[in-house]
Amino acid sequence: MNRASTIRFPSAEEREHIERVCVVHSSTRDPRLRAEIVESHQWLALLCARQLRRRGEPLDDLMQVANVGLLQAVDRFDPTFGVTFRTFASATMTGVLRRHYRTVWRLRVPRRIQELHVTVGRSIEVLTGELRRSPTVPEVASRLGVSEDDVLEAIDAGANLLPRSLDYSEEQTAVAVTDDALEAAEQRIDVKELLDSVQPFARRVLYLRFFQGMTQTEIADELGTSQVQISRILRSTLANLRSTMRANDPQLD
């Protein structure tokens, strides 16, 4: 019997309890609480592993990779970040799984397929906007002037780079789209790791704007400055963060 088959999904009350435990652990760093958090979130590791599983990939192996991300999430979680631990852990595990697959890609996937995957991804984005729905494989193939098999091969080879698995069985040919909330959470985590380089005042502006949901005018009133100054700080700080993130990960371009 594999490990995945023994994992039980918690009730709402159990999830609320472990969220409180996560908050306590963030300040106490009690190793017993750490172990409890990891064990209590095996269901979440399983979900992340299933979402990013490629055909033929052993689920138990992906569970091990996801648990590396889960441990990182436990050690890095900060309640003041503005998201629940479940959201933080999901994004962290997804990121670790994606990096795992990127390593596999560099070893196994031909350059032609890598390039086609990028082209297919861009076409999917464009067609999604035009059609107001996820495009089908034939529609993507028609747009690019390639065969449906080529599109499927590119999706299959590059599915490891997306935060959601792409299910394109014979009965379901629509291309799945990214979970925007999870992607946004992952991006916030990446930004948080860069905030040490941001000046305290600008960091405060970012916190009020993106984690408290305040408008630029409200932030200006809160901090005793002008809306124009707040707008300038947001633009310059976000531009610097994006530049740093692209330098760290060229695939963001």
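In the block above lies the structure referred to throughout.
Residues numbered from 1 in each chain as written. Predicted model: local features only at pLDDT ≥ 70, side-chain atom pairs only at ≥ 80, totals over all residues. Heavy atoms only, no water.

A. Region of the structure containing the overall build of the chain. Within the chain one finds twelve helices and zero strands. For the chain, buried positions account for 40% of its 253 residues. Long-range contacts, defined as pairs at least 24 residues apart, comprise 61% of the intrachain contacts of the chain with a sequence gap of at least 6. Carbon and sulfur atoms provide 49% of the accessible area of the chain, an area that totals close to 14,500 Å². (Helix = DSSP H or I, 4+ residues; strand = E, 2+ residues; numbered from the N terminus. Buried < 20%, exposed > 50% of the residue type's maximum accessible area, 1.4 Å probe, protein only. Contact = heavy atoms within 4.5 Å. Areas by Shrake-Rupley, 256 points an atom, 1.4 Å probe, with all protein chains shown as cover.)

B. Main features of the environment of arginine 122. By the secondary structure assignment, arginine 122 is in helix α6 (residues 111–131). Residue classification places arginine 122 among the exposed residues on the basis of a relative accessible area of 53%. With 18 residues separating them along the chain, arginine 122 and valine 140 place their C-alpha atoms 10.0 Å apart.

C. Here's a closer look at the pattern of salt bridges. Summed over all chains, the structure comprises five salt bridges. Here arginine 8 makes a salt bridge to glutamate 14, at a shortest N to O gap of 3.0 Å. A salt bridge links arginine 143 to glutamate 130, with the shortest nitrogen-to-oxygen separation between them at 2.7 Å. A residue pair is termed long-range when its members are at least 10 positions apart, and arginine 143 in helix α7 (residues 137–144) and glutamate 130 in helix α6 qualify at 13 residues. A relative accessible area of 42% places arginine 143 in the partly exposed class. (Salt bridge = Lys/Arg side-chain N within 4 Å of Asp/Glu carboxyl O.)

D. Structural detail: the packing of aromatic side chains. For the coordinates displayed, the defined rule picks out three aromatic pairs. Members of the aromatic cluster, joined through ring pairs, are Phe77, Phe85 and Phe88. (Phe/Tyr/Trp six-rings, centres within 6.5 Å; stacked < 30°, edge-to-face > 60°.)

E. Molecular detail of unusual backbone geometry. The backbone of arginine 29 shows a phi angle near 55°, a positive value even though the residue is not glycine. With respect to the element layout, arginine 29 can be found in the loop between α1 (12–28) and α2 (31–40). Classification of arginine 29 as partly exposed rests on a relative accessible area of 39%.

F. Quick peek at α1. Over its 17 residues, α1 runs 25 Å from end to end, which matches the ideal 24 Å to within 8%, given 1.5 Å per residue. Those residues of α1 that fall on the buried side of the exposure criterion are Ile18, Glu19, Val21, Cys22, His25 and Ser26. Axial view of α1: buried residues confined to an arc of 165°, hence all on one face. Turned more than 90 degrees away from the buried face of α1 sit Glu13, Arg20 and Ser27, all of them exposed. Where α1 terminates, the next one or two residues include arginine 29, which has phi positive at roughly 55°. (Expected span 1.5 Å × (residues − 1). Arc of directions from axis to C-beta.)

G. Representation of the side chain of threonine 237. With respect to the helices, strands and loops of the structure, threonine 237 is situated in helix α12 (residues 227–248). Ignoring sequence-local partners within four residues, the contact set of threonine 237 consists of Val198, Ala202 and Leu206.

H. Structural context of the packing of helix α10 (residues 200–211) against helix α11 (residues 216–223). As a packed pair, α10 and α11 sit with axes 10 Å apart at the nearest point and diverge in direction by 135°. One element, α10, and the other, α11, form an angle in the oblique class. Where α10 crosses over α11, the two elements pack in a sense that is right-handed. Along its contact with α10, which presents Phe201, Arg204, Val205, Leu208 and Arg209, the element α11 presents Ile219, Glu222 and Leu223. Grouping the constituent residues of the contact of α10 with α11 by class yields five nonpolar, no polar and three charged. (Axes fitted to C-alpha atoms, helices over the stretch in contact; angles between N-to-C directions. Parallel < 35°, antiparallel > 145°, perpendicular 65-115°, else oblique. Left-handed = near helix turned anticlockwise from the far one by under 90°. Nonpolar A, V, L, I, M, F, W, Y, C, P; charged D, E, K, R; others polar.)

I. A look at the nonpolar core. Ile37, Leu70, Phe85, Ala89, Met93 and Leu97 are the most contacted members of the largest nonpolar core, which has 32 residues in total. By residue number, the principal contributor to this core is helix α4 (residues 59–76), which donates eight residues. Not counting chain neighbours up to four residues away, the residues in contact with methionine 93 comprise Leu44, Ala45, Cys48, Ala66, Gly69 and Leu70. (Core = buried A, V, L, I, M, F, W, Y, C linked by side-chain atoms within 4.5 Å.)

J. Structural context of the packing of α2 against α4. Following both chains from N to C, one finds α2 and α4 inclined at 135°, their axes separated by 10 Å at the closest point. Classified by the angle their axes make, α2 and α4 are oblique. Considering only the axes of α2 and α4, their crossing is right-handed. Contacts from Arg34, Ile37 and Val38 of α2 reach α4 at Asn67, Leu70, Leu71, Val74 and Asp75. Looking at the contact of α2 with α4 residue by residue, the classes come out as five nonpolar, one polar and two charged.

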